[in-house]
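A look at the structure
Residue-level listing of the chains:
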Amino acid sequence: MKRIFCLITAAFLGLTPWIAGCAASNTPETSETYAMNTIITQTVYTDDSDILVQNNEILRRIEDEMSKTIADSDVARINAQSGEDVIVSDATAQVLADSIAAAKETGGAFNPALGTVISAWGFGTEDAQVPDAETLSALLKKTDYQNVSINGTRVNAGGTQIDLGGCVKGYALDRLAQNLNDAGVQSAILSVGGSLYAVGQKPDGAGYRIGIRDPEGTENDYMATMDLNGRFVSTSGTYERGFTEDGVYYYHLLDPQTGYPANSGITSVTVVCDNGFLSDAYSTALFVMGAEKGIAFAQAHGADVLYLTNDHHILTTEGFASKYALKITNDSYMAVS
Ligand code: AMP
Ligand code: MG
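So, here's what we can say about the structure.

Conventions adopted
Residues numbered from 1 in each chain as written. Chains lettered and ligands numbered in written order. Predicted model: local features only at pLDDT ≥ 70, side-chain atom pairs only at ≥ 80, totals over all residues. Heavy atoms only, no water. Pairing = 2+ DSSP bridges. Helix = DSSP H or I, 4+ residues; strand = E, 2+ residues; numbered from the N terminus. Contact = heavy atoms within 4.5 Å. Axes fitted to C-alpha atoms, helices over the stretch in contact; angles between N-to-C directions. Phe/Tyr/Trp six-rings, centres within 6.5 Å; stacked < 30°, edge-to-face > 60°. Buried < 20%, exposed > 50% of the residue type's maximum accessible area, 1.4 Å probe, protein only. Core = buried A, V, L, I, M, F, W, Y, C linked by side-chain atoms within 4.5 Å. Arc of directions from axis to C-beta. Donors = N, O, S within 2.8 Å, 3.2 Å for Na, K, Ca; no water.

1. Points about the sheet that holds strand S15 (residues 304-309)
Spatial strand order, S2-S3-S7-S8-S11-S14-S15-S16-S18: nine strands in an open sheet with mixed pairing. The two strands at the open ends of the sheet, each matched to only one other strand, are strand S2 (29-35) and strand S18 (334-335). Of the strand pairs in this sheet, strand S8 (residues 195-199) and strand S11 (residues 231-237) are connected by four bridges, and their pairing is antiparallel. Along S11, the bridge assignment pairs Leu196 with Val233. Relative to the sheet, helix H6 (residues 168-182) contacts strand S3 (38-44), strand S7 (188-192), S8 and S11, its axis offset from that of S7 by approximately 155°. Packed onto the sheet, helix H8 (residues 291-300) meets S15 and strand S16 (313-316) and runs at close to 170° relative to S15.

2. As for the packing of aromatic side chains
One pass over the structure, following the stated rule, counts eleven aromatic pairs. Here the aromatic rings of Trp121 and Phe123 are separated by 5.4 Å at their centres, their planes lie at 10°, and the arrangement is stacked. With respect to class, Trp121 is no different from Phe123; both count as buried. Ring geometry for Trp121 against Tyr250: centres 5.6 Å apart, planes inclined by 40°, an arrangement best described as tilted.

3. Comments concerning the nonpolar core
Residues Ile62, Met66, Ile78, Leu164, Leu286, Val305 and Tyr307 are the most contacted members of the largest nonpolar core, which totals 68 residues. The leading source of residues in this core is helix H7 (residues 276-289), at eight residues. Residues contacting Met66, with those up to four places away along its chain left out, are Ser73, Val75, Ala91, Thr92, Val95, Leu164, Val168 and Tyr171. If you look at the next biggest cluster of nonpolar residues, it comprises 20 residues, including Ile212, Met223, Leu228 and Tyr324.

4. Digging into H8
All of the buried residues in H8 are Ala291, Gly294, Ile295, Phe297 and Ala298. One face of H8 carries all of its buried residues, which in axial projection span an arc of 160°. Facing away from the buried surface of H8 by more than 90 degrees, the exposed residues are Glu292, Lys293 and Ala300. Those residues of H8 that are buried are in contact with helix H3 (90-105), H7, S15 and S16. One or two steps after H8, the chain reaches Gly302, where phi turns positive at roughly 70°.

5. Details of the coordination of the magnesium ion (ligand 2)
Of the protein atoms, only Gly166 (O), Asp280 (O), Asp280 (OD) and Thr284 (OG1) coordinate the magnesium ion (ligand 2), at distances of 2.0 to 2.5 Å. Each donor residue of the magnesium ion (ligand 2) lies on the same chain, and together they follow the pattern G-x113-D-x3-T. Of this pair, Gly166 sits in the loop between strand S6 (154-156) and H6 while Asp280 sits in helix H7; the two residues are 114 residues apart in sequence, bridging distant segments of the chain. Here Gly166 matches Asp280 in class, with each residue buried.

Written as structure tokens, this is what we have:
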């Protein structure tokens, strides 16, 4: 499981005083649920106890529509068809269209049509295994995202299989954040697997700080902390899902060119931007691209990134450290840029 560890004991950086009289409670509403194969935690300063009920309903609906493994979800119905059009919900059609756009933008490093290959590896299932090279090269021929057609809510997978695992958590965060915003919430932190959104300050005036996980540690070990206010952050890392066969560790971030785990010399990449869907899709794509290409991509697309390399170097887009008050808490990691 991947997770950016939420530091509920925030640093004393957000010095903005809590504004008396704003529509929020001093006691947060909290929720911890399991959906989309991951833990979802929400802490929301509000007087409206219904908000988290609404948010959990939003999450269920997204999972029911976009999970690959729920039998009658939109995605499962698309994948069960050979050549037939399938009518999907407005939300699924939108996420699919956005994911094809992300594929084009990233030159295919993010590929939502990689389902055949992802399933062959079976990450996270009892059947996880290294597929043989012939099988992989045959399956790779069925992963051209340009064959997917979307007309309104009518979708045709064009011989591919859809897998939205690389972007749906970020999309879910967008929807949750929107619901909070519509309700006038001014302070909250939400975490959906490795994607996270935080806005505002806590009643004591402290801003939200989050931890960036140490890929070599356990799920509660972080190697740095950073501030987050009003933006979305996603991390893709080797630790999230994988298995060892014949002494080699295989992880779930696949290079769509080869069908094998992307071997770009990094252990994780953290992407911050103004949109949850993009932070998530980009984190997967930028893992595949590697640090040099990924940093140039991020700089051209209004995103901030932080890479951790195999040899414990920290590489970032310009200004990352000052923008997010980055503090390295594990001395074995060394900032290079
Ligand atoms: P994330 O943790 O957001 O990076 O998403 C990882 C998940 O995205 C994997 O478990 C797969 O379901 C899927 N995935 C793996 N490689 C890719 C890729 N190159 N493009 C799109 N999705 C991918
Ligand atoms: Mg992702």
